[in-house]
Amino acid sequence: MGGSQLRTRAWHHERQRPREHGRTMTTTEIPLVRSGEPAPARSPHLRQLDAYRVVTFALVILIHVIGSTTYQQDIVADAIQTPLHLTREAFFALTAFVLVFGYRDRPVRTGKFWRRRFPLVAVPYVTWTVIYRVYSLITSEQPFGSAGAQLRTLGLDLLTGNAWYHMYFMLVTLQVYLLFPLLATMFDLIRRRPWTVLAVSGAVQVAVAIFMSYPPAALGYGFVSNFFATFLVYQFYMLLGAAAALHFEAVHAWLRTHARWVLLAMAGGLALAEAGYFVSVRFGEWPEMASDAFRPYLIPWFVAVIAGIYLAGARWAESSQRGGRFVSWAVNRSFAVFLTHPIAIALLDPLFVFVGDRYGAPWTTLVAYPATVALTFAIVEVLRRLPWSKALTGRARVPVRASA
């Protein structure tokens, strides 16, 4: 498989835990705050979300590696990628959950919220948009063009999230921050009528998915694809995360006592997703299009797997928590890993070509994934020690010890 055939596609912190009735409590066992009782000053840390993040980020790298080491119309590769699109929906559900869980018992002061939240994403977004634009110019065989044209392209990249194939996620996250004060006004409604809210939102999600997947001929896919960088196509998963946060105790208890139902739902959702994919291919759709993230037959799988990943994280948090130090370390770097892993994939392209030309599939992907993970973390460790780490990774600089 030559280089021209490759594609680039679009600790925890240890704490003493109190004992109750001879057993150890975990942060997943959060007591319900009853009316009239003072709300906690700060929401407790949910260790299960650390595992959730690590699993999902690992899958983000995996889907991008598969997309970069297989043919564009490889039916098997696209069938594997079809369910892996869960990563974006899972992350937007997590984003909404974390925000709502943190503010469910205290008011949202809009100005303060925006001043605190926006720079954490906006600054790295602008920084990496510039980096990826410069990288594209350096590696492209096209003429540089005028400085004015390049500035216009950079401005368009900032507005659309198109500087690289993963940058849309940060743009949508900024939209979530912008709209969160409005979402906060719906907390009482979601508390009282969660199923009604989710039903309406779900219907909208299905309609949007159909529109995105089967657009009118007069518009075409090129037009509707502009919407993938807007909150609209992820609104159901955000409201799902919000509802889960506002009803956390009940949702957590239900998932822990109905694990079999969650597993069955995952199996059924996966079967439906793959059936939808193969039927679409059978009726003439390109595999790449049939495996698109916005296909309506993927929605049940997304909902089920979000619950499944959370449940797996809850089981891990209630266990001896093996690997806890690594999970915390990885979570601390997760945002930087997201930002930088496409650069690692691009830099490793000669390796992918070398392995692909000599051994073919699936060895290229099997070699590429651990190599990408290793190089990504190496890059992140360097960036985290630079004076401008916060702009590059969203995290403060890690001090460089002289003894090191």
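What counts, and at which threshold
Residues numbered from 1 in each chain as written. Predicted model: local features only at pLDDT ≥ 70, side-chain atom pairs only at ≥ 80, totals over all residues. Heavy atoms only, no water. Axes fitted to C-alpha atoms, helices over the stretch in contact; angles between N-to-C directions. Helix = DSSP H or I, 4+ residues; strand = E, 2+ residues; numbered from the N terminus. Left-handed = near helix turned anticlockwise from the far one by under 90°. Contact = heavy atoms within 4.5 Å. Nonpolar A, V, L, I, M, F, W, Y, C, P; charged D, E, K, R; others polar. Phe/Tyr/Trp six-rings, centres within 6.5 Å; stacked < 30°, edge-to-face > 60°. Buried < 20%, exposed > 50% of the residue type's maximum accessible area, 1.4 Å probe, protein only. Salt bridge = Lys/Arg side-chain N within 4 Å of Asp/Glu carboxyl O.

Trainee: Honestly, the packing of helix 12 (residues 259-282) against helix 14 (residues 299-318) in this entry has me stumped. Any pointers?
Mentor: Angle between the axes and distance between the axes are the two parameters that describe a pair of packed helices. Interhelical geometry of helix 12 versus helix 14 gives an angle of 145° and a closest axis separation of 8 Å. Helix 14 is crossed by helix 12, and the crossing has left-handed handedness. Here Ala259, Val262, Ala265, Met266, Gly269, Leu270, Leu272 and Ala273 of helix 12 lie close against helix 14, whose contacting residues are Pro300, Trp301, Ala304, Val305, Ala307, Gly308, Leu311 and Arg315. Looking at the contact of helix 12 with helix 14, its residues break down into 13 nonpolar, two polar and one charged.

Trainee: I keep staring at the packing of helix 2 (residues 75-84) against helix 12 and nothing clicks. Help me out?
Mentor: Interaxial distance between helix 2 and helix 12 falls to 10 Å at its minimum, and their mutual angle equals 145°. Classified by chirality, the crossing of helix 12 by helix 2 is right-handed. When helix 2 is examined against helix 12, the residues Ile75, Asp78, Ala79, Thr82 and Pro83 are found in contact with a partner set consisting of Leu270, Ala273, Glu274, Tyr277, Phe278 and Val281. Of the residues contributing to the contact of helix 2 with helix 12, the split by class is eight nonpolar, one polar and two charged.

Trainee: For this particular structure, what's the right way to read the packing of aromatic side chains?
Mentor: Tallying each qualifying case throughout the model produces 28 aromatic pairs. Consider the rings of Phe92 and Tyr234, whose centres lie 4.6 Å apart with planes at 40°: the pair is tilted. Highlighted residues: Phe92 in helix 3 (residues 86-103) and Tyr234 in the loop between helix 9 (220-224) and helix 10 (235-246), separated in sequence by 142 residues. Here Phe92 matches Tyr234 in class, with each residue buried. With 6.1 Å between their ring centres and 90° between their planes, Phe113 and Tyr177 make a pair best called edge-to-face. Taken together, the positions of Phe113 in helix 4 (residues 110-139) and Tyr177 in helix 6 (residues 168-184) put the pair 64 residues apart, joining distant regions of the chain. Of the two residues examined, Phe113 and Tyr177, each falls in the buried class. In textbook terms, an aromatic cluster arises when at least three aromatic residues are bridged by ring pairs, as seen for Phe57, Phe91, Phe92, Phe169, Tyr234, Phe294 and Phe338.

Trainee: Looking at this structure, how should I read the environment of Leu198?
Mentor: Tracing the chain through its elements places Leu198 in helix 8 (residues 194-213). Since its relative accessible area comes to 13%, Leu198 is described here as buried. Placed 38 residues apart in sequence, Leu198 and Phe236 show a C-alpha to C-alpha distance of 7.1 Å. For Leu198, the contacting residues outside a window of four places in its chain are Phe236, Leu239, Leu240 and Ala243.

Trainee: Is there a simple way to explain the pattern of salt bridges in this structure?
Mentor: Taken as a whole and assessed by the stated rule, the structure comprises nine salt bridges. Between Arg133 and Asp157 there is a salt bridge, with its nearest N and O atoms 3.0 Å apart. A residue pair is termed long-range when its members are at least 10 positions apart, and Arg133 in helix 4 and Asp157 in helix 5 (residues 147-160) qualify at 24 residues. Where Glu318 meets Arg256, a salt bridge forms, and the shortest distance between an N and an O atom there is 2.7 Å. Taken together, the positions of Glu318 in helix 14 and Arg256 in helix 11 (residues 248-257) put the pair 62 residues apart, joining distant regions of the chain.

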